[in-house]
Amino acid sequence: MLPFFLRCNHKGSFFKYIHMKKVFIIVSLVLTGITANAQWYAGGSLNFGTATDKDNDGNKQNTVTSFGLSPEIGYYLNDRFDIGLAFGIGTASTKNHTADTKRTITTWSVAPYVRYSFIQFGKFEVIGRGSLSVEGAKAKDESDNEIKSTTFGINITPVLAYNLTDHLTLQTGLNFASIGFNSTNVKDGGSENGFNFGFDSTDVTTLGDITVGFIYKF
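Residues numbered from 1 in each chain as written. Predicted model: local features only at pLDDT ≥ 70, side-chain atom pairs only at ≥ 80, totals over all residues. Heavy atoms only, no water.

1. Some thoughts on the pairing of strand β7 (residues 168-174)
In this structure, strand β6 (residues 146-163) lies alongside β7, joined through five bridges in antiparallel fashion. The residue of β7 that forms the bridge with A161 is Q171. Taking the residues that link successive antiparallel strands as the turn, the β6-β7 hairpin has four residues. Bridge count for β7 against strand β10 (residues 210-217) is seven bridges, and the pairing is antiparallel. Across the sheet, the residue bridging to Q171 is G213, located in β10. (Pairing = 2+ DSSP bridges. Helix = DSSP H or I, 4+ residues; strand = E, 2+ residues; numbered from the N terminus.)

This is the structure in structure tokens:
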């Protein structure tokens, strides 16, 4: 006598179920193999910077303090090339010591990038990172007046990396040596285009002269 589940189900439906189960197992094995061989990584950086301008007599004029967090994900194409996507949130405050006023800027950013390892010496690497970025910023003063802007940029930044293990790498972005082009559009205002070399304390996309972070390779 046939088992109960075979007597209660159409024969074609049962074999269809077996066929679908085989396909599911094959697809699962293929995906598992791809994941095992993939060179994916995830990480991020924590950025901080502060700078103070002084006049000829040594009196403080402006102090800029910035902070930001930038998580990222990426994929190694080979042992030198990788591509990735970085996100960022940040804040920067500017205090005018002469007028005793303060302005705060908050930002968000999205930046796809490509990196190339130029020098590999032992566990050390010197990497060039080229990125396309879009950033939104909102500036507010003590009177709650707001200025919103959007910036599109192309930037190249040198990165120093140290491979602690096969999976964990520390990296330092040298923002003071970056070069690039940025275009900024201000809501209900004008626009500004220009090339830059090095760190601009009013640009929260590259918060701080030095960016310290890590990546974990899966």
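2. Brief notes about the side chain of R129
Its location among the elements puts R129 in strand β5 (residues 124-140). Apart from residues lying up to four places away in sequence, R129 is in contact with E72, A86, Y113, V114, R115, N155, I156, T157 and V159. (Contact = heavy atoms within 4.5 Å.)

3. Some remarks on a nonpolar patch on the surface
Taken together, W40, L164, L170, F214, Y216 and F218 make up a surface patch of nonpolar side chains, about 620 Å² in accessible area. Looking at the secondary structure, you find F214 in strand β10. (Patch = residues over 30% accessible without salt bridge, like charges linked within 9 Å, V, L, I, M, F, W, Y side chains within 5 Å. Areas by Shrake-Rupley, 256 points an atom, 1.4 Å probe, with all protein chains shown as cover. Salt bridge = Lys/Arg side-chain N within 4 Å of Asp/Glu carboxyl O.)

4. Details of the environment of Q171
For Q171, the location among the structural elements is in strand β7. Put simply, Q171 and V159 are twelve residues apart on the chain and 6.6 Å apart in space, counted from C-alpha to C-alpha. When neighbours within four sequence positions are excluded, Q171 is seen to be in contact with E72, R115, V159, L160, A161, T211, V212, G213, F214 and I215. Of the polar contacts made by the side chain of Q171, one reaches the side chain of R115; its length is 2.8 Å. (Polar contact = N/O pair within 3.5 Å; in protein donor to acceptor, adjacent residues only side chain to side chain.)

5. Digging into a positive patch on the surface
A contiguous patch of positive charge on the surface is contributed by K54, K60, K95 and K102. By the secondary structure assignment, K95 is in strand β3 (residues 81-96). The class of K95 is partly exposed, set by a relative accessible area of 38%. (Lys, Arg positive; Asp, Glu negative; His and termini not counted. Charge placed at Lys NZ, Arg CZ, Asp CG, Glu CD. Buried < 20%, exposed > 50% of the residue type's maximum accessible area, 1.4 Å probe, protein only.)

6. Let's talk about the packing of aromatic side chains
Applying the stated criterion across every chain, the model contains six aromatic pairs. On the basis of an interplanar angle of 50° and a centroid distance of 4.7 Å, the ring pair of F81 and Y116 is categorised as tilted. With F81 in strand β3 and Y116 in strand β4 (residues 101-121), this pair connects stretches of sequence that are 35 residues apart. When the ring of Y116 is compared with that of F118, the centres are 4.9 Å apart and the planes differ by 80°; the resulting orientation is edge-to-face. Judged by its relative accessible area of 55%, F118 is exposed. Grouping aromatic residues by their ring pairs yields a cluster made of F81, Y116 and F118. Geometry around Y113 places R129 over its ring, the cationic atom sitting 3.9 Å from the centre. (Phe/Tyr/Trp six-rings, centres within 6.5 Å; stacked < 30°, edge-to-face > 60°. Lys NZ or Arg CZ within 6 Å of the ring centre and 35° of its normal.)

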